[in-house]
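# A look at the structure
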2 protein chains.
Amino acid sequence: MSETLPVTDRTRLRRSHTRGHFDRETVNAILDAQPMCSVGYVIDGKPFVTPTLQWREGNHIYWHGSAASRALKNSRDMEVCLNVAILDGFVMARSGMHHSVNSRSVTLYGRAFKVEDDAEKHRKLGNFVNSLFSGRYDILRPDHAQDLKATMVLGMEIREASAKIRTGAPVDEEADYDLPIWAGVIPVHMQVGEPIPDPRNREGVELPDHVRDFTL
Amino acid sequence: MSETLPVTDRTRLRRSHTRGHFDRETVNAILDAQPMCSVGYVIDGKPFVTPTLQWREGNHIYWHGSAASRALKNSRDMEVCLNVAILDGFVMARSGMHHSVNSRSVTLYGRAFKVEDDAEKHRKLGNFVNSLFSGRYDILRPDHAQDLKATMVLGMEIREASAKIRTGAPVDEEADYDLPIWAGVIPVHMQVGEPIPDPRNREGVELPDHVRDFTL
């Protein structure tokens, strides 16, 4: 087996050499392609991983949850690690060793901060909804003050990032290409299905463009 | 916004009350549905998250990688957290607060152990390939001894597990159901595409059943 998520391209960003080593476009493209992420944090020296949704605004990434969430309370002002991984295919080689997956992955490291300002938090949550469904936040019932209060938004500067991408066919040892074994790739992708209207939708309410046109 | 991955059903396994609180079938079904996972571990007090593939054998879960992998070397004999999260849909409510996702997620906690015995490691890697592609490992070019040596397999007992599942329509505040806002669910799922044969496959090599019948 080759390394879990093989690296055919790796970019790494550190503050000190942003120009030389960092391809911000690659990192951003992966973050923007998949809202699901895994946030790693530490409590009493032990690791925790919580899946959540992330969204990006410029050079910052954000996620949110209940203000009472253990995950958020233990990430705020702490070192966190945030990973987005997109599985693109199963790579089938002529030996077990060279089986692999095609994938795109970004890992971010840094200190999470809490968005303290209420107006700013409100804007961020609106940006989150609108980043998935263009314009939707603006037609929703406005947030209750107590709901905003019960919600925590965390952010992190995209400063130290590691992107890994593997694409294409299996890479076998030269001698193995002679073997009569089928090799290749089984591609996979996230498929968006037909929207399912809430049975309690009011009569005459039409499917909005931001639902009809939704893609991932 | 409601909590990131809302809980409509939660099961939690601890060794001491396996019967009462634990639904092993639910946990296993989620683990078996998606090989991609995120492993959280700690180095020098800081959190790291690495995406990798997992497979289950009975009450144990396994993952693997290069014996030189930082992730594996820092997980072995250490506390780790392993999460599998499957996104099933975007839940669109009548307020931002009640937007959510339908998802299935399992988080496992425990101490990872290295599979030391070579024959056992060999069997585990074979089980991994065969768990994805029935019988494939047995038709591959056998592993070189040095490849096995360069590969580390880690395992963990499924002992402390937390499963979270959300399904179904949005849940809005009663008054909000009168609003003329489209609500519902946009389902998503992993779609398996058409296999792409390696251009270097030998002439006459046929697509095996374990590729044609592959599902996720």
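From a predicted model like this one, the values you see are computed outputs, not experimental measurements.

Parameters and conventions
- Residues numbered from 1 in each chain as written.
- Chains lettered and ligands numbered in written order.
- Predicted model: local features only at pLDDT ≥ 70, side-chain atom pairs only at ≥ 80, totals over all residues.
- Heavy atoms only, no water.
- Least-squares fit on C-alpha atoms with pLDDT ≥ 70 in both.
- Contact = heavy atoms within 4.5 Å.
- Buried area = accessible area lost by both parts, 1.4 Å probe.
- Salt bridge = Lys/Arg side-chain N within 4 Å of Asp/Glu carboxyl O.
- Helix = DSSP H or I, 4+ residues; strand = E, 2+ residues; numbered from the N terminus.
- Expected span 1.5 Å × (residues − 1).
- Buried < 20%, exposed > 50% of the residue type's maximum accessible area, 1.4 Å probe, protein only.
- Polar contact = N/O pair within 3.5 Å; in protein donor to acceptor, adjacent residues only side chain to side chain.

### Concerning the relation of the copies chain B and chain A
Superposition record for chain B on chain A: RMSD 0.0 Å, screw rotation 180 degrees, translation along axis 0.0 Å. Such a combination of turn and shift is consistent with a two-fold rotation axis. Considering only C-alpha atoms, the residue of chain B closest to the rotation axis is M190 of chain B, which sits at 2.3 Å. Take the interface residues of chain B: 100% of them recur as interface residues in chain A, which is what a same-surface contact looks like.

### Some points on the interface of chain B and chain A
The interface is formed by 97 residues belonging to chain B together with 97 residues belonging to chain A. Regarding the contact of chain B and chain A, the summed buried area is about 8,000 Å², with carbon and sulfur atoms giving 66% of it. R141 of chain B serves as the salt-bridge partner of E173 of chain A, at 3.2 Å between the closest nitrogen and oxygen. The leading source of residues in the side of chain B that touches chain A is strand 11 (residues 184-192) of chain B, at 9 residues.

### Section: helix 4 (residues 118-132) of chain B
Residues and elements named next belong to chain B. Here helix 4 spans 22 Å end to end across 15 residues, near enough to the 21 Å set by a 1.5 Å rise per residue. Taken as a whole, helix 4 has its buried residues at K121, K124, L125, G126, F128, V129 and L132. The opening residue of helix 4 is D117, an N-cap whose side-chain oxygen sits 3.3 Å from the backbone nitrogen of A119.

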